[in-house]
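Here are the chains, one letter per residue:
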Amino acid sequence: MRLSARFVEAIRQFRLRPDRRERSAGSAVRDVPTRVRGLYRGPFRLAAVALAVALVAAGCGGGGRSRDPNVVVELDHYTSAAASRQFDALLERCAGRFDLRVQRQNVPVDQLMPKVLRDATAHSLPDLLFVDNPDLQTVAKTGALTELSLYGLDGRGYFPGIVEAGSYRGKLYGLAPGVNGLALIYNRTLFERAGLEPPETWRELERAAEELTRGSTHGIAFSAIASEEGTWQFEPFLWSNGGELTDLRSPRAVEALKFWSGLVDSGVASRSVVNWNQNDVTDRFVSGHAAMMINGSWTLSTLDEEGVNYGVVPIPTPSRDIAPQVPLGGEIGVIPETTPRRQADAARVLGCMLEKETMLEWSTQHAYVPARVEAAAQYAEDVPAMRPFVEEVATGRARTAELGPRYRAVSQALADAIQATIAGATSPEKALERAARVAGSEG
Amino acid sequence: MTTASTEPTASGPLSTRGRRRGGGGRERLVRWSFVLPVVVFLLLFFCYPIVRNLMMSFQEWTVASFYEAGSPFVGLDNYVDVVTDPVFGTAVLNTVLFTVGSLLFQFVLGLGLAAFFQRHFPLSGVLRGLLLLPWLLPLVVSGAVFRWIYDEGFGVLNQLLLGLHLVGDPIPWLSSTDHALPAAIIANIWVGVPFNLVILYSGLQAVPTSLYEAAALDGAGPWQRFRKITLPLLRPVIAIVLMLGLIYTLKVFDLIMILTGGGPANATETLTTWSFALSFEEFDFGEGAAVGNILIAVALVFALLYLRSIRDSFRREGES
């Protein structure tokens, strides 16, 4: 419905402005009718027309040269209706301040990186790009990004983990308006009925989960899917136990994985966690089939909509004196290499998106945590439900801090190890041993 | 949907080939102009990607290659890396098991159903139509539905098995390394049966009933009739069904991707899903291309076998 409306609008505009049509399609289009008249004169004419049409099509596809100078082309993966609308409005407002317009491109999260790489090949990258933060390393490695210092943007006043996530080889390439993190979300009704307090340590977590596993309800739900999502959910447990991504063989890492898979082995979590992404986890929690879940702040709006009575606490750690260490999530704004003028325009828009007020607004709408320390403190007071997330972001870590672009390979190897332990009969020692070997050989 | 034979009878181009050579240059041009679109299409959409893929597999293609256009030639390194990767063995074994398992059951069930529908009974046409359904559904839909059916806790399959007391504990269909591959194969069998049914059924229709009547008069039982009449006469059709089925099954990607994404722990990783993962998840396009080419080579061998079997059957037709 919407698509067709857009289509009609496009056609209408096309008719209204013949001048634009000539500019964008080039002269070959006007030549076509004369050629068509001679179509029956011979096959070569046909071939010539075919070639002309193909050339025009190819010319249109490139698009890079004929960009309107007052338009900033932006690419992100906020595809959900609400987030997309809110992000749209913020971009428009920021661009409007500088008499610019925004042409927003929007693709599902798993198609963003392939698109970015394709655009990089054609040297037609957008002017402003928001990528998932662990992917920043991959994009930066292509050499297509520009340093933020060129535009007078720097990481002062931001949480250190966020600056690290935006840096590649010691240089700052991106900053985020807001970040997210994981926490333990629990069903308050079930907890009150069982007379339980939300857990703070691993032992308490096990005990509470055991207590709450009844019939078709599992104590806890999390995602152990075979991708970055599975690794990201495990990382808080790995890190708070003293394990590191650079040393997957360490006894600390093995212990953490033992705890993680133990939740499934003891039956307090479903074995299906290996096939659940974080949306599936939310579904289980909403339908009451899980009393607790590990999930991010972005799910809170769904929980509110569904009317679940829930509470949020930081992710439990091995003991009370250890602070949780969660990986930082969220998208980072970067400026690809285009032309000096376009880069400067994109930087102005990005700079506006990073202002304290914009940050607060976006974070409130999207249940993110503002990336600036000062803004986050104010936010914690304004939105108490987000306080556990704000606390965690202060100690949050960039996933790529130690590994840089190698993170992708290590993350995949670790996700496979988690799967092998939970779904297969592999011991945590063996699975991590293999992961370290695979990750090492691909680094 | 009724009895139209789907077997190709391509006697036209073969018999007229080379009959009228020459003619004016003008006429020749006209003739070529009919071929040209196909040639252009094939060059653009088949040859170019394949050649490009081949070249890619001999280059080191990483994310850096995309912007700064540096993709050094590395010879057979990608192939060596791929073959020595521990996942390679798993992927090959899974591909073989998946293909053989799917084909075997698809064919046996398809043949059984085709023979069954040879008899006419009330509603047989409607039933046959319904059996085509799995074939008409997009694989994405089938995959999503099977994901629900297989769910360990709430899936209808486990509820059924538990209810009938066939199993004591729910079976972790998609979440255990032992069960995931069989589960994927079962789903694929369901998808593939209609294809076998349709082609084999039309093959059966072509067998003259008089032969059966004669055999019955000679005292041949049902099994003997099946073995001595149906199977030999159906052989060309069987060859085609198996060959096409093989090529279709080798390249199955979407179904597995939706069911398990190649997991858990690579338990359902086939060459196709692995090639995708290498290219688009690990961004090692050289190795991804190498796996893709290995798969193309295997499929090509079977495609050539298929073409030869068609040619042979035409020749036999020509002789008789």
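Residues numbered from 1 in each chain as written. Chains lettered and ligands numbered in written order. Predicted model: local features only at pLDDT ≥ 70, side-chain atom pairs only at ≥ 80, totals over all residues. Heavy atoms only, no water.

If you look chain B up in an unreviewed UniProt entry, it shows as Multiple sugar transport system permease protein from Halosaccharopolyspora lacisalsi. The UniProt entry for chain B carries this comment under Sequence similarities (unreviewed entry): "Belongs to the binding-protein-dependent transport system permease family." Taken from UniProt, the Subcellular location (unreviewed entry) comment for chain B reads in full: "Cell membrane". (UniProt positions renumbered as here; feature names shortened; annotations may be inferred.)

The residues that UniProt annotates with the feature "transmembrane region" (unreviewed entry) are residues 29-51, 96-117, 129-150, 180-201, 233-250 and 288-307 of chain B. Segment residues 233-250 of chain B splits into 100% helix and 0% strand. End C-alpha atoms: 27 Å apart. (Helix = DSSP H or I, 4+ residues; strand = E, 2+ residues; numbered from the N terminus.)

Across a sheet, strands are paired by hydrogen bonds formed along the backbone, either parallel or antiparallel in direction. Residues and elements named next belong to chain A. Strand order in the open sheet formed by four strands is 9-10-8-11, with mixed pairing between adjacent strands. Only two strands of the sheet have a single neighbouring strand rather than two, namely strand 9 (218-221) and strand 11 (310-313). Each adjacent strand pair in this sheet contributes to an overall mean axis angle of 20 degrees, direction not counted. Two strands pair when backbone bridges link them, and strand 9 and strand 10 (residues 290-296) are joined in this way by three bridges, in the parallel orientation. Within the sheet, the bridge partner assigned to alanine 221 lies in strand 10 and is methionine 293. (Pairing = 2+ DSSP bridges. Axes fitted to C-alpha atoms, helices over the stretch in contact; angles between N-to-C directions.)

For the rest of this paragraph, the subject is the pairing of strand 12 (residues 331-334) of chain A. Residues and elements named next belong to chain A. Taking every second residue as pointing to the same face, both faces of strand 12 are buried, with Glu331 and Gly333 on one and Ile332 and Val334 on the other. Two elements, strand 3 (residues 128-132) and strand 12, share four bridges in a ladder whose sense is antiparallel. Across the sheet, the residue bridging to phenylalanine 130 is glycine 333, located in strand 12. Inspection of the sheet shows strand 6 (residues 174-175) paired to strand 12 by two bridges, in the antiparallel sense. Within the sheet, the bridge partner assigned to glycine 174 lies in strand 12 and is valine 334. (Buried < 20%, exposed > 50% of the residue type's maximum accessible area, 1.4 Å probe, protein only.)

With that settled, the discussion passes to the sheet that holds strand 2 (residues 101-106) of chain A. Residue and element names in this part refer to chain A. Overall, mixed pairing links the five strands, which are arranged 2-1-3-12-6 in an open sheet. Single-partner strands in this sheet number two, and they are strand 2 and strand 6. Each of strand 1 (71-76), strand 3, strand 6 and strand 12 touches helix 15 (residues 340-353); the most contacted strand, strand 1, lies at about 60 degrees to it. (Contact = heavy atoms within 4.5 Å.)

Residues and elements named next belong to chain A. Between its first and last C-alpha atoms helix 5 (residues 81-97) spans 25 Å; for 17 residues at 1.5 Å apiece the expected length is 24 Å, and the two agree. Buried residues of helix 5: Ala83, Ser84, Gln86, Phe87, Leu90, Leu91, Cys94 and Ala95, and no others. One side of helix 5 holds all its buried residues, which, seen down the axis, span an arc of 170 degrees. Away from the buried face of helix 5 by more than 90 degrees, exposed residues Ala81 and Arg85 are located. Phi for aspartate 99, located one or two positions after helix 5, is positive at around 55 degrees. (Expected span 1.5 Å × (residues − 1). Arc of directions from axis to C-beta.)

Another aspect to go through is the interface of chain A and chain B. Across the boundary between the two partners, chain A contributes 35 residues, which contact 31 residues of chain B. The junction of chain A with chain B conceals about 2900 Å² of combined surface from both sides, 58% of it contributed by carbon and sulfur atoms. For the pair chain A and chain B, the interface holds two salt bridges. In this structure, the salt-bridge partner of A:Arg284 is B:Asp151, at a minimum N-O distance of 3.4 Å. Between the two partners, chain A and chain B, sit six residue pairs in polar contact (both at pLDDT 80 or more). (Buried area = accessible area lost by both parts, 1.4 Å probe. Salt bridge = Lys/Arg side-chain N within 4 Å of Asp/Glu carboxyl O. Polar contact = N/O pair within 3.5 Å; in protein donor to acceptor, adjacent residues only side chain to side chain.)

Residues and elements named next belong to chain A. For the pair helix 10 (residues 202-212) and helix 12 (residues 251-265), the least separation of the axes is 11 Å and the interaxial angle reads 10 degrees. What the angle tells us is that helix 10 and helix 12 run roughly parallel. Every residue of helix 12 that contacts helix 10 at Trp202, Arg203, Leu205 and Glu206 is listed here: Ala256, Phe259 and Leu263. For the contact of helix 10 with helix 12, the per-class residue count stands at five nonpolar, no polar and two charged. (Parallel < 35°, antiparallel > 145°, perpendicular 65-115°, else oblique. Nonpolar A, V, L, I, M, F, W, Y, C, P; charged D, E, K, R; others polar.)

In the structure shown here, the tally under the stated rule is 32 aromatic pairs over all chains. Where B:Trp135 meets B:Phe195, the ring centres are 5.7 Å apart and the plane angle is 65 degrees; that geometry is what we call edge-to-face. A residue pair is termed long-range when its members are at least 10 positions apart, and B:Trp135 in helix 7 (residues 133-136) and B:Phe195 in helix 10 (residues 180-205) qualify at 60 residues. On the basis of relative accessible area, B:Trp135 is assigned to the partly exposed category, the value being 42%. On the accessibility criterion, B:Phe195 (9% relative accessible area) is buried. An aromatic cluster is present here, built from A:Trp202, A:Phe222, A:Phe234, A:Phe237, A:Phe259 and A:Trp260 joined pairwise through their rings. Above the face of the A:Trp239 ring, A:Arg397 is positioned so that its terminal group lies 4.3 Å from the ring centre. (Phe/Tyr/Trp six-rings, centres within 6.5 Å; stacked < 30°, edge-to-face > 60°. Lys NZ or Arg CZ within 6 Å of the ring centre and 35° of its normal.)

Now for empty space enclosed by the protein. All names here are of chain A. For the structure shown, the criterion picks out one cavity of 30 Å³ or more. In this model, the largest cavity occupies a volume close to 30 Å³. In terms of lining residues, the largest cavity is bounded by Asn133, Ile162, Ala165, Ala176, Val179, Leu328, Gly329, Gly330 and Ile332. By residue class, the composition of the lining of the largest cavity is six nonpolar, three polar and no charged. (1 Å grid on protein atoms, 1.4 Å probe; cavity = no way out; pocket = protein on both sides within 12 Å on 5 of 7 lines; lining within 4 Å. Points joined across faces, edges and corners; volume = space filled by probe spheres on them.)

A separate point is a nonpolar patch on the surface. Residues and elements named next belong to chain B. Residues Leu36, Val38, Val40, Phe41, Leu42, Leu44, Phe45 and Phe46 make up a contiguous nonpolar surface patch of about 740 Å² in total accessible area. Its place among the elements puts phenylalanine 41 in helix 2 (residues 25-57). The exposure class of phenylalanine 41 is partly exposed, given its relative accessible area of 43%. (Patch = residues over 30% accessible without salt bridge, like charges linked within 9 Å, V, L, I, M, F, W, Y side chains within 5 Å. Areas by Shrake-Rupley, 256 points an atom, 1.4 Å probe, with all protein chains shown as cover.)

Moving on, we get to helix 6 (residues 124-131) of chain B. Two residues of an α-helix separated by three or four positions point the same way, owing to the 3.6 residues in each turn. Residue and element names in this part refer to chain B. Taken residue by residue, helix 6 has Ser124, Arg128 and Gly129 as its buried positions. Buried residues along helix 6 cover an arc of 140 degrees about the axis, so they all sit on one side. Against the buried residues of helix 6 lie helix 5 (86-118), helix 7 and helix 10.

Residues and elements named next belong to chain A. Scanning the entire structure with this criterion turns up one disulfide over all chains. Between cysteine 94 and cysteine 352 runs a disulfide, and the two sulfur atoms are separated by 2.0 Å. Between cysteine 94 and cysteine 352 the disulfide shows an S-S torsion of about -75 degrees. By sign, it is left-handed. Within this pair, whereas cysteine 94 is found in helix 5, its partner cysteine 352 is found in helix 15, the two being separated by 258 residues in sequence. In this structure, cysteine 94 and cysteine 352 share a single accessibility class: buried. (Disulfide = S-S within 2.5 Å.)

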